[in-house]
Amino acid sequence: MLGNFSYYNPTKLYFGENAIENLPGELEKYGPNVVLIYGGGSIKKNGIYDDVVSALEKAGKNVAEIPGVMPNPTSGKLREGVEIARAHNADLLLAVGGGSVCDYSKAVAVSIHCDDDPWEKYYLRQEEPDCEIVPVACVLTMVGTGSEMNAGTVITDPDSKLKIGHVYANEEVFPRFSILDPRYTMTLPKEQMVAGIYDIFNHICEQYFSGYDDSASDYIAEGLLRAVIKAGRDSVKDPQNYEARSNLMWTATWALNTLISRGKSTDWMVHMMGQSVGGYTNATHGMTLAAVSMPYYRYILPYGVPKFQRFARNVWDVDLYGLSDEEVALEGLSCMEKWMKEIGVVMNLTELGVTEDMIEGIADGTFLLEGGYKPLTREEVVEILRESM
Ligand code: NZQ
Ligand code: ZN
């Protein structure tokens with residue numbers, strides 16, 4: 001642990017079957033006006049909506065709704081939600097859905113008492129909130145992003161084709177509490193489940209493939225990687241396997257709740273490219289990451305051989321006998337590629353609707369970060385995107 005840091009995570013979790021029973025008690029802690037925020041309707045089909053509404057009724061809340069939050073929520077939808085929450089004088093925003101709904105609710109929370117345009121202030125200018133932040137809570141229905149226990153939000157502006165994240169420094173943006181019932185994720189379409197599995201895996205990689213010290217955070221990351229590889233395999237074989245699905249849920253939360261990045265540098269270039277692809281295509285987040293991962297990691301491997309070798313050994317149990325350091329490192333990536341194909345992620349950008357004429361624009365929308373083993377130039381981003389087609 002070479003770096004100094006502070007660590008505090010204010011989100012209270014209720015985990016397991018029937019965790020929703022804790023909702024009425026939590027609701028008592030907030031004022032009367034609740035805004036219920038959800039997506040395109042899956043919660044009405046699988047009964048989660050009824051569970052939540054009955055808890056809200058039990059707690060005697062005055063409820064307004066923001067329905068129809070789309071995957072990869074847009075700046076226009078954000079502005080619309082801010083108006084609804086403002087008019088309702090919201091005391092609590094209750095997000096019921098996946099990362100898109102949780103992210104969106106946090107983005108509304110920092111904008112209700114703020115006069116500026118939220119897209120320009122928080123995403124284009126990356127400013128921190130300088131106004132009251134309305135509390136957010138989550139009932140999670142899709143596993144992957146870690147949004148249930150972090151202060152991240154990602155918003156897409158379809159006009160400019162930019163998809164931009166903002167991880168707020170202010171602790172009040174974290175959900176106050178999150179309800180994690182693995183059963184609530186059982187109705188997810190398989191493609192979404194698989195995208196979520198790869199999202200978890202890549203969140204850990206983004207924090208692992210950076211830095212040279214013998215970081216305790218990296219040992220925690222290796223344990224989480226092993227957990228998601230196994231639970232991912234088991235979930236794909238049998239999506240109704242509660243043990244596997246519950247382990248996925250728990251791993252996703254720890255993969256991106258700020259713990260494993262403590263005391264070390266981080267990368268995040270796969271996410272920067274994936275997000276820009278999302279801005280162009282509106283493709284599913286986890287699949288955009290999968291499509292660029294192998295070309296990216298093979299490209300940076302020569303600059304970070306010791307860590308890739310450690311990945312091969314500690315995560316994939318690669319037998320070192322008779323192999324050079326670089327061969328061991330490459331073997332680790334081959335194991336990763338085989339696992340990605342086994343769980344069924346999308347392995348190229350073409351399948352996500354990317355065409356050659358989009359590459360330059362996607363490269364323009366890719367933020368270049370410095371934490372990886374090989375800080376990329378724009379030209380290298382173009383090369384990796386072409387390799388990913
Ligand atoms: O809209 P509904 O009808 O609810 O359907 C959703 C949506 O179509 C469906 N779904 C969710 N739970 C379901 C279900 N369908 C059936 N049964 C259920 N139980 O799944 C679809 C995808 O949902 P979405 O919330 O979009 O997925 P995800 O959780 O992957 O969130 C993606 C968003 O999170 C951002 C991404 O960029 C993207 O915008 N991220 C947020 C991060 C953070 N806060 O830290 C980090 C991530 O890297 C990521 O960037
Ligand atoms: Zn992600």
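In this report, the structure presented in the accompanying data block is examined.

1. Topic: the overall build of the chain
Stage number 1. The number of helices and strands found in the chain is 15 helices and 8 strands.
Stage number 2. Once the C-alpha set of the chain is aligned to its principal axes, its extents read approximately 70 × 40 × 40 Å.
Stage number 3. Put simply, the chain has 389 residues, and 59% of those count as buried.
Stage number 4. A separation threshold of at least 6 residues defines the contact pool for the chain, and within that pool the share at least 24 residues apart is 80%.
Stage number 5. Roughly 15,300 Å² of accessible area belongs to the chain as shown, and the carbon and sulfur atoms make up 50% of that amount.
Stage number 6. Here the chain contributes 33 positively and 55 negatively charged side chains, and the mean placements of these two sets differ by 3 Å.

2. Considerations on unusual backbone geometry
Stage number 1. A positive phi angle, close to 65°, is found at Asn18, a residue other than glycine.
Stage number 2. Turning to its location among the elements, Asn18 is positioned in the loop between β1 (12-15) and α1 (23-27).
Stage number 3. Assessed through its relative accessible area of 46%, Asn18 is described here as partly exposed.
Stage number 4. Here Asn282, not a glycine, exhibits a phi torsion of approximately 60°, which is positive.
Stage number 5. Tracing the backbone shows Asn282 in the loop between α10 (269-281) and α11 (285-300).
Stage number 6. On the basis of relative accessible area, Asn282 is assigned to the partly exposed category, the value being 49%.

3. Let's talk about the packing of aromatic side chains
Stage number 1. All chains considered together, the criterion is met by 20 aromatic pairs.
Stage number 2. A ring pair is formed by Tyr38 and Tyr49, whose centres lie 5.5 Å apart and whose planes are at 70°; its orientation type is edge-to-face. Taken as a pair, Tyr38 in strand β2 (residues 33-38) and Tyr49 in helix α3 (residues 48-58) lie far apart in primary sequence, 11 residues in all.
Stage number 3. Using a relative accessible area of 3% as the deciding quantity, one classes Tyr38 as buried.
Stage number 4. Residue Tyr49 is classed as buried on the basis of its relative accessible area of 17%.

Reading guide: rules and limits
Residues numbered from 1 in each chain as written. Chains lettered and ligands numbered in written order. Predicted model: local features only at pLDDT ≥ 70, side-chain atom pairs only at ≥ 80, totals over all residues. Heavy atoms only, no water. Helix = DSSP H or I, 4+ residues; strand = E, 2+ residues; numbered from the N terminus. Buried < 20%, exposed > 50% of the residue type's maximum accessible area, 1.4 Å probe, protein only. Contact = heavy atoms within 4.5 Å. Areas by Shrake-Rupley, 256 points an atom, 1.4 Å probe, with all protein chains shown as cover. Lys, Arg positive; Asp, Glu negative; His and termini not counted. Charge placed at Lys NZ, Arg CZ, Asp CG, Glu CD. Phe/Tyr/Trp six-rings, centres within 6.5 Å; stacked < 30°, edge-to-face > 60°.

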